[in-house]
Amino acid sequence: MKRRILVVDDEPSISMLIEFNLKLAGYDVQCVYDGEAVFHVLSSFRPDLVVLDLMLPKMDGLEVCRRLRSEGNMVPVIMLTALQELPDKIAGLDNGADDYMTKPFSPQELLSRIQAILRRTAALPSLQTDEAISHGALVVKPEQREASLDGQRIDLTPKEFDLLLFLLKHRGKVLSRQQLLHGVWDYHFLGDTRIVDVHISHLRDKIESNPRNPEYIVTIRNVGYKLSDAAGKEAASNG
């Protein structure tokens with residue numbers, strides 16, 4: 001069965017370019033041209049991934065992404081933006097986007113990123129186990145894709161969950177940002193490592209009692225991150 005991609009962009013030339021390349025790659029594609037239209041087609045089309053422009057009529061991409069997540073829809077989202085400023089890009093990630101690309105972009109790179117995200121999605125069942133993974137007060141259940149801290153469930157996006165699970169499976173090991181891009185985002189090219197930093201920051205906000213002095217996810221300066229061997233014993237490497 002073909003994987004379904006919903007393309008949301010109000011520039012017909014861009015939508016047609018994306019649609020042409022995705023159909024050529026074997027995807028089922030539907031295009032809409034404003035933010036409100038996304039919610040009119042979700043139930044009938046049921047996309048496996050959304051390519052979402054930031055600047056849209058009726059409802060902008062940030063609001064679309066925010067509404068999707070607030071309604072519990074965790075479909076992967078790649079945000080397209082013509083804005084070059086880092087805060088604008090981070091805003092997309094803050095509102096639940098899995099990745100972003102800046103216009104103009106290479107259709108082949110967009111295709112590569114879509115394939116990477118969908119590979120991760122398809123591979124999840126084979127990575128799952130019935131056994132919960134415990135790390136201090138943190139408990140992760142891969143099969144149910146649930147995480148809890150001190151018995152309280154943590155609300156994680158799919159990418160945050162994947163990142164936490166990857167860190168748990170490599171606990172105690174120092175992981176560079178490129179290793180995390182490869183392992184969690186499945187990027188085999190030099191992606192933007194700020195995506196990693198933003199998601200690490202989100203995770204810290206949800207699992208650390210003091211995100212500025214983290215006990216679980218610690219920074220190894222000039223290298224990357226690692227999940228501490230024992231929470232609370234490595235705060236000296238925070239950041």
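Please read all numbers here as calculations on a predicted model, not as lab measurements.

Cut-offs applied
Residues numbered from 1 in each chain as written. Predicted model: local features only at pLDDT ≥ 70, side-chain atom pairs only at ≥ 80, totals over all residues. Heavy atoms only, no water. pLDDT = per-residue confidence, 0-100. Contact = heavy atoms within 4.5 Å. Core = buried A, V, L, I, M, F, W, Y, C linked by side-chain atoms within 4.5 Å. Buried < 20%, exposed > 50% of the residue type's maximum accessible area, 1.4 Å probe, protein only. Helix = DSSP H or I, 4+ residues; strand = E, 2+ residues; numbered from the N terminus. Domains from an automatic or database assignment. Axes fitted to C-alpha atoms, helices over the stretch in contact; angles between N-to-C directions. Left-handed = near helix turned anticlockwise from the far one by under 90°. Nonpolar A, V, L, I, M, F, W, Y, C, P; charged D, E, K, R; others polar. Polar contact = N/O pair within 3.5 Å; in protein donor to acceptor, adjacent residues only side chain to side chain. Salt bridge = Lys/Arg side-chain N within 4 Å of Asp/Glu carboxyl O. Pairing = 2+ DSSP bridges.

Novice: Go over the confidence of the model for the chain, please, and point to the residues and values.
Specialist: For the chain, per-residue confidence averages 83 on the pLDDT scale, and residues scoring 70 or more make up 86% of the total. Between residues 124-129, whose pLDDT stays under 50, and residues either more than four places distant or in other chains, the model counts eight contacts. Below a pLDDT of 50 lies the segment residues 232-239, which in the model reaches 18 contacts outside its immediate sequence neighbourhood of four places, other chains included.

Novice: Tell me about the nonpolar core, residues and numbers included.
Specialist: Leu52, Leu164, Leu167 and Ile217 are the most contacted members of the largest nonpolar core, which totals 54 residues. When residues in this core are grouped by element, the largest group, seven residues, is from helix 6 (residues 158-169). Two domains each donate at least three residues to this core, and these are domain 1 (4-122) and domain 2 (133-227). Ignoring any residue separated from it by four or fewer positions in sequence, one finds Leu164 in contact with Leu138, Val140, Ala147, Leu156, Leu203 and Ile207.

Novice: Before we move on, can you summarise the packing of helix 6 against helix 7 (residues 177-185) with the specific residues and values?
Specialist: Running from N to C, helix 6 and helix 7 cross one another at 115°; their axes reach a closest spacing of 10 Å. Crossing handedness for the pair helix 6 and helix 7: right-handed. In contact with Lys159, Asp162, Leu163, Phe166 and Leu167 of helix 6, helix 7 contributes Gln179, Leu180, Gly183, Val184 and Trp185. Residue composition of the contact of helix 6 with helix 7, by class: six nonpolar, two polar and two charged.

Novice: Residue-level account of the side chain of Ser228, with values.
Specialist: Among the structural elements, Ser228 can be located in the segment after strand 12 (224-227). In this structure the side chain of Ser228 is engaged in a polar contact, spanning 2.8 Å, whose partner is the backbone oxygen of Glu215.

Novice: Before we move on, could you go through the pattern of salt bridges and cite the residues and values that matter?
Specialist: Counted by the stated rule, this structure contains 15 salt bridges. Of the charged contacts in the structure, one is a salt bridge between Asp9 and Lys103, with a shortest N-O distance of 2.9 Å. Here Asp9, found in the loop between strand 1 (4-8) and helix 1 (12-24), pairs with Lys103, found in the loop between strand 5 (99-102) and helix 5 (107-127); they are 94 residues apart in sequence, far enough to count as distant. For Asp9, a relative accessible area of 0% puts it in the buried group. Given a relative accessible area of 11%, Lys103 falls into the buried group. Put simply, Lys58 and Asp34 hold a salt bridge, and the shortest N to O gap is 4.0 Å. Placement of Lys58 in the loop between strand 3 (49-53) and helix 3 (61-70) and of Asp34 in the loop between strand 2 (28-32) and helix 2 (35-45) is noted, with a sequence separation of 24 residues between them. When its relative accessible area of 64% is taken as the criterion, Lys58 is described as exposed. Bridged by salt links that share partners, the residues Asp9, Glu11, Asp53 and Lys103 form one connected network.

Novice: Tell me about the environment of Ala37, and please be specific about residues and values.
Specialist: Counting through the fold element by element, Ala37 comes out in helix 2. A residue is classified by how much of its surface remains accessible, and Ala37, at 14% relative accessible area, is buried. Separated by 29 residues in sequence, Ala37 and Val8 place their C-alpha atoms 8.6 Å apart.

Novice: Please provide a residue-by-residue account of the sheet that holds strand 2, values included.
Specialist: In space, the five strands of this open sheet follow the order 2-1-3-4-5, with parallel pairing throughout. Unpaired on one side and paired on the other, strand 2 and strand 5 mark the two borders of the sheet. The average angle at which neighbouring strand axes cross in this sheet is 20°, direction not considered. Of the pairings in the sheet, the one linking strand 4 (residues 77-81) to strand 5 comprises four bridges and is parallel in character. Within strand 5, the residue paired with Ile78 across the bridge is Asp99.

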